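Residues per chain are reported as follows:
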Amino acid sequence: MRLTAKSATLLGLVVLIALAPLFFPSGFYYRVGALIFVNALAVTGIVILTGWAGQISLGHAGFAGIGAYACALAPVHWGIHPALAVLLGAAVSAILAWLVGRPILRLKGYYLAVASLGMGILISMVLNNERELTRGPDGIDVPDLGMRALLKAAGLDLSNGEFWYFFCGIALVIGAWLALNLHDSPTGRALRALHGSEIAARTVGIDVAKLKLQAFVISAIYASVSGSLLALQNKFITPDVAGFMHSVEMVTMAVLGGVGSVAGAIFGAAVLTLLPQVLTVFAEYEQLVLGLVMVLVMIFLREGVVPSILRKIRGRGE
Amino acid sequence: MTLLSIEGLGISFGGLKAVNNVSFGVKPGEIVSVIGPNGAGKTTLFNMISGVYQPGSGKVILNGEDVTAMSPHLLARRGMCRTFQNLQVFQSMTVLENTIAGYHLQEGGSVLADILNLPASRRRAKTAEAGARTLLKRVGLERAAEREAGSLSYGSLKRLEIARALALQPRVLLLDEPAAGCNAVETEEIDHLIAEIAASGVAILLIEHDMKMVMRISNHIVVLDHGEKIAEGDPTTVSRNPDVIAAYLGTENAAG
Ligand SMILES: Nc1ncnc2c1ncn2[C@@H]1O[C@H](COP(=O)(O)OP(=O)(O)O)[C@@H](O)[C@H]1O
Ligand SMILES: [Mg+2]
């Protein structure tokens, strides 16, 4: 049964990504799609951290910032290929998450929320203020990944929008696959156990602090790669990527879709990425709308949209 | 030879001495019961032994090693496991998954192998599942394996906790009121199960209100009242002890 839930999610995702372009009114929607995938990738990390490990991060955009600026800076300053810069950013994010999480996650309670908030603000400040390196709030150019040219040479000529749509789509499928693997694995079971009863988890030998730390590090890598992909496709990045609002956006997307579900993460990311593209007023009142979504979901759909719907369907089936 | 020895354990909450200077030992294959009126400090004693509370005084020695105030997950590695009076199951997981969780230490491997779904990871999970199914049969829950744990009755959840604890293949097992909420038939089943576990060489520390069961299966009984050990000995000795009778009659009157 578990296996089918996993394959169903992955299959649904692949079909959706492959077929959606048939319904695009204009080439612009390739770009919207790619944005959705990038956001969904970060939110998948939030699902692992919050939905499964029960920890809250209010600074995950900081890791997206690290991933994004690794792609902007490493190729220029150290001559590292942009693709390797993605890995470098992920490694730096993972190490930072480990350093921040290790002392904090030994404590009970929601200290990680506070610590990660501080960490996110610090990263954002560095990106804004270290003008010599980052060019500050105006943003910085990001080198081309060079992969589209390679594909063209190999005979596959994609537009910029098409290329990033499929590239980010594949990245999301891989990210979702890895997350679903984790969910069904011994580690994933231990994560869900500690979410259910921390004390019982400890009595069966689960090292709760270590497990939470692993979840935090993994979710940081997701956010970092998401930031890298955003920077690479825009070929430009500003410190906003690491801003507090971006962290809140990630959490809201996860909560809207259903914070325990990978499919929910993708749904939440899709809705909240599409909205501002469709409704321009949304952009102006983004904070208001995000807050409202949080409150409404908490009141009416505690589990999030996707798990609630699934429950309804299953309930009817019985 | 004593496997688990409790030496002068004590703890206070505010001014209240919940447990005071309690000592005794448990040998492999032995069933030691801790009895006493409600609020006597039995669960608190378990919480100190199992690393949930840090004792104010005294020591817990497991197999010659001082394990006082050691974290529960490290105690699990040393072969100690427990169940809870106020159920601690993983509600939204299935009965089977709850039991498999007890195999955490045996099936544990690298996160990387798990994320990549490597054959090694799948093999470990398979072995754990097979073991868990056998255990569920042993506690009579095999037919509920795929149900969400939260949907089970109180008595079934008690048995699920025992199955989960057995998955660790413990050398010392602490059971806090395993027969609470069970009917007479179920109680007898649990009774047999506990005797069977002890017969396999596990040292068992038992808290139980059902006196018939306690008298039937215990090798040794420790009586607590107001946090103090007021008596101990074999079932016959303890049941004839005037202090014990007074403590029980006293609270029954007070409660009644
Ligand atoms: N965490 C705690 N904080 C304060 N008081 C506690 C705590 N745990 C137990 N107690 C108190 O210690 C006493 C013994 O409780 P307990 O060990 O649960 O009794 P028993 O299991 O024998 O019924 C009670 O008076 C209870 O209120
Ligand atoms: Mg008790």
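Heads up: the structure comes first, above all this text.
Computed from a predicted structure; not experimentally measured. Each residue is numbered by its place in its chain's sequence as written, counting from 1. To label them, take the chains in the order written and letter them from A, then take the ligands in the order written and number them from 1. Local features in this predicted model are restricted to residues whose pLDDT is 70 or higher, and side-chain atom pairs enter the listing and the counts only when it is 80 or higher, whereas totals over whole chains, interfaces and linings include all residues. No hydrogens and no water enter the side-chain calculation; it runs on all heavy atoms of the structure.

Student: Just checking my understanding: could you explain the coordination of the magnesium ion (ligand 2) for this structure?
Tutor: Six octahedrally arranged donors around a metal ideally form angles of 90 or 180 degrees; four tetrahedrally arranged donors ideally form angles of 109.5 degrees. All names here are of chain B. Because no water is among the atoms considered, metal sites can look incomplete, with donors defined as N, O and S atoms within 2.8 Å of the metal, or 3.2 Å for Na, K and Ca. In the first shell of the magnesium ion (ligand 2), the protein supplies Thr43 (OG1) and Gln85 (OE1), at 2.0 to 2.1 Å from the metal. Taken together, the residues threonine 43 in helix α1 (residues 42–49) and glutamine 85 in the loop between β6 (80–82) and α3 (95–101) connect sequence positions 42 residues apart. The class for glutamine 85 is partly exposed, based on a relative accessible area of 28%. Each helix is a run of DSSP H or I of at least 4 residues and each strand a run of E of at least 2, with the numbering of both proceeding from the N terminus. The buried label goes to any residue with under 20% of its type's maximum accessible area, the exposed label to any with over 50%, and the partly exposed label to all in between, with areas taken from a 1.4 Å probe on protein chains only.

Student: Whenever I open this one, the packing of aromatic side chains confuses me. Can you help?
Tutor: For any pair of aromatic rings, geometry is given as the distance between the ring centres together with the angle between the planes. In this scheme Phe, Tyr and Trp rings, the latter by its six-membered ring, pair at centre separations within 6.5 Å, and the angle between planes marks the pair as stacked below 30 degrees, edge-to-face above 60, and tilted otherwise. Tallying each qualifying case throughout the model produces 12 aromatic pairs over all chains. Plain terms: the ring middles of phenylalanine 163 of chain A and phenylalanine 167 of chain A are 5.3 Å apart, the flat faces sit at 25° to each other, and that makes the pair stacked. Of this pair, phenylalanine 163 of chain A and phenylalanine 167 of chain A both sit in helix α8 (residues 160–184), four residues apart, which is roughly one turn of the helix. Note on phenylalanine 13 of chain B and tyrosine 53 of chain B: the rings are 5.5 Å apart at their centroids and 75° apart in plane angle, and the pair reads as edge-to-face. Linking phenylalanine 13 of chain B in strand β1 (residues 4–13) with tyrosine 53 of chain B in the loop between α1 and β4 (57–62), this pair joins segments that are 40 residues apart in sequence. According to the relative accessible area criterion, phenylalanine 13 of chain B is partly exposed, its value standing at 37%. Exposure remark for tyrosine 53 of chain B: the relative accessible area of 30% places this residue in the partly exposed category. Members of the aromatic cluster, each reached through a chain of ring pairs, are Phe24, Phe28, Tyr29, Tyr30, Phe37, Tyr165 and Phe166 of chain A.

Student: How should I be thinking about the site of ligand 1 in this particular structure?
Tutor: Residue and element names in this part refer to chain B. A cutoff of 4 Å decides nearness: a residue is near a molecule or strand if any of its heavy atoms lies inside that distance of it. Residues in contact with ligand 1, as listed here, are Phe13, Leu16, Ala18, Pro37, Asn38, Gly39, Ala40, Gly41, Lys42, Thr43, Thr44 and Tyr53. Alanine 40 is positioned with one of its backbone polar atoms (N or O) 3.2 Å from an oxygen atom of ligand 1. One of the backbone N or O atoms of glycine 41 is found 2.9 Å from an oxygen atom in ligand 1. When the free accessible area of ligand 1 is taken as 560 Å², the share hidden by the protein chains comes to 63%. Within the residue set of the shell around ligand 1, elements represented by two or more residues are β2 (16–26) and α1. Each residue receives one of three labels: charged for Asp, Glu, Lys and Arg, nonpolar for Ala, Val, Leu, Ile, Met, Phe, Trp, Tyr, Cys and Pro, and polar for the others, Gly being one of them. Here the shell around ligand 1 is composed, by residue class, of six nonpolar, five polar and one charged. Polar contact is defined as a pair of N or O atoms within 3.5 Å, subject to the rule that within protein one atom must be able to donate a hydrogen and the other to accept it, and that residues adjacent in sequence are counted only when both atoms are side-chain atoms. Here the Shrake-Rupley method, with its probe set to 1.4 Å, supplies the accessible areas, and only the displayed protein chains count as covering residues.

Student: I tried to follow the pairing of strand β8 (residues 203–207) of chain B on my own but got confused; where do I start?
Tutor: A regular strand places its side chains on the two faces of the sheet in alternate fashion. All names here are of chain B. Taken across its five residues, β8 has five buried, putting it largely inside the fold. Here β8 shows two buried faces, one formed by Ala203, Leu205 and Ile207 and the other by Ile204 and Leu206. At least two DSSP bridges between two strands are required for those strands to pair. By the bridge criterion, five bridges tie strand β7 (residues 172–176) to β8 in an arrangement that is parallel. Considered in β8, the bridge of leucine 175 is made with leucine 206. In this fold, the crossover linking β7 to β8 by way of helix α8 (residues 184–199) has right-handed handedness. The crossover handedness rule: strands pointing away from the viewer, path from first strand over the helix to second strand clockwise, crossover right-handed.

Student: Would you explain the interface of chain A and chain B in this entry?
Tutor: By a frequent convention, interface size equals the accessible area lost on bringing the separate parts together. Counting residues at the interface gives 26 residues for chain A, matched by 30 residues for chain B. Surface buried jointly by chain A and chain B totals about 2,500 Å² across both partners, of which 64% is contributed by carbon and sulfur atoms. Two parts lose some accessible area (1.4 Å probe) when they are put together, and adding that loss for both gives the buried area. Three residues stand out in chain A for area buried against chain B, namely Arg189, Thr203 and Val204 of chain A, and they jointly supply 27% of the buried area on that side. One speaks of a salt bridge when a side-chain nitrogen belonging to Lys or Arg is within 4 Å of a carboxyl oxygen belonging to Asp or Glu. On the surface where chain A and chain B come into contact, there are one salt bridge. Salt-bridge contacts for glutamate 97 of chain B lead to arginine 192 of chain A; the nearest nitrogen and oxygen are separated by 2.9 Å. Here chain A is connected to chain B by seven residue pairs in polar contact (both at pLDDT 80 or more). For the side of chain A that touches chain B, the secondary structure elements donating two or more residues are α1 (2–19), α8, α9 (186–196), α10 (198–203) and α11 (208–234) of chain A. In terms of residue count, α9 of chain A provides more of the side of chain A that touches chain B than any other element does, seven residues in total. In this description, contact between two residues means that some pair of their heavy atoms is separated by no more than 4.5 Å.

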